[in-house]
Amino acid sequence: ISYPLRRELAVGNRILSFLIGAHQRGYDVLLISPGDEPVKLAQMPDRFRHKVVGPRHSGHAGFIGRAIRETILARKLLKESRNCQCEKIFISIPSMFLLFLSPRQKGKSTYLDIRDLTWEYLSGNSWFQSLAKRFFRRVAKCRIGRFSSVIVTNPAENRYLQETLGVPENKVTMIPNGISTKQFEALFGLGKKDRKEGDPIVVSYVGNVGLPQNLL
């Protein structure tokens, strides 16, 4: 992943659930990500390692500057993944350059988790970003076929992959964003005293919102 593993970031809950799921199925798990120092997970006391690839640069940058930084980081992360002796490789984006720069992995199962279609968020107001958007869309269509399977978070992404990028339906799996079972169970008991008997309990998860959700 191209973000540090922290719960306060939108990527945290999702990636952690995949890590724990793989660990519970008996896999040795190696996480490769930026960060200040390797993390230790109480849910995975053994068979888990974390390889830190430098800090992720913070702060604002222009479109070109951010693209250059994302490209450099993606190259470092992918280089480390090539060096590891892994049977399966799981790449999670919103960093589109992890998709664009991913090489073919002979003899390995490769999985792409698409949390955000970030290239589609580029503004069409300027000719440059409009051109970049079409270019990135074409690159995504060429590169996505290198993966054994693709995971999306919602039906709209599912349709996009099949209709726009031409990914076969049997290669796409939908796993929604959300909270863990433990978190849900903690929330489930809230408000029972204040509701009428028979009324349903609705638990809403509201994450980060912004441009992708079209708040304007």
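Residues numbered from 1 in each chain as written. Predicted model: local features only at pLDDT ≥ 70, side-chain atom pairs only at ≥ 80, totals over all residues. Heavy atoms only, no water.

**Looking at helix H4 (residues 127–143)**
Cut-off, in case you're wondering: Numbering of helices and strands starts at the N terminus; helices are DSSP runs of H or I of at least 4 residues and strands are runs of E of at least 2. For a helix, the expected span equals 1.5 Å multiplied by the number of residues minus one. Any residue under 20% of the maximum accessible area for its type is buried, any over 50% is exposed, and the rest in between are partly exposed; the area is computed with a 1.4 Å probe on protein chains only. This arc corresponds to the set of directions leading from the helix axis out to the C-beta atoms. Whether two residues are in contact is decided by their heavy atoms, any of which lying within 4.5 Å being enough.
For H4, which comprises 17 residues, the first-to-last C-alpha distance of 24 Å matches the rise-based estimate of 24 Å (1.5 Å per residue) to within 8%. Among the residues of H4, those classed as buried are Ala132, Lys133, Phe136, Val139 and Ala140. When H4 is viewed along its axis, its buried side chains cluster within an angular range of 135° and face the same direction. Residues of H4 that are exposed and point more than 90 degrees away from the buried face comprise Trp127, Arg134, Phe135, Arg138 and Cys142. The elements touched by buried residues of H4 are helix H2 (63–83) and helix H3 (96–100).

**Considerations on the pairing of strand S5 (residues 149–152)**
Defined as follows: At least two bridges found by DSSP between two strands is the condition for calling them paired.
Neither face of S5 is left uncovered, since the one carrying Ser149 and Ile151 and the one carrying Val150 and Val152 both have all their residues buried. As judged from the three bridges shared by strand S4 (residues 109–114) and S5, these two strands associate in the parallel manner. Residue pairing in the sheet places Tyr111 in a bridge with Ser149 of S5. The pairing of S5 with strand S6 (residues 172–174) spans three bridges and is parallel.

**Describing the packing of aromatic side chains**
Counted only if it meets this: Centres within 6.5 Å are what make two rings of Phe, Tyr or Trp a pair, Trp counting through its six-membered ring; a difference in plane orientation under 30 degrees is then read as stacked, over 60 as edge-to-face, and the rest as tilted.
Evaluation of the coordinates by the stated rule reveals seven aromatic pairs. Note on Phe100 and Phe136: the rings are 5.4 Å apart at their centroids and 25° apart in plane angle, and the pair reads as stacked. Of this pair, Phe100 sits in helix H3 while Phe136 is found in helix H4, placing the two residues 36 residues apart along the sequence. For Phe136, a relative accessible area of 9% gives the class buried. Between the aromatic rings of Phe135 and Phe136, the centroid separation amounts to 5.7 Å while the plane-to-plane angle is 55°, which identifies the pairing as tilted. The exposed category is assigned to Phe135, whose relative accessible area is 53%. An aromatic cluster is built from Phe97, Phe100, Trp119, Phe135 and Phe136, whose rings are joined through pairwise contacts.

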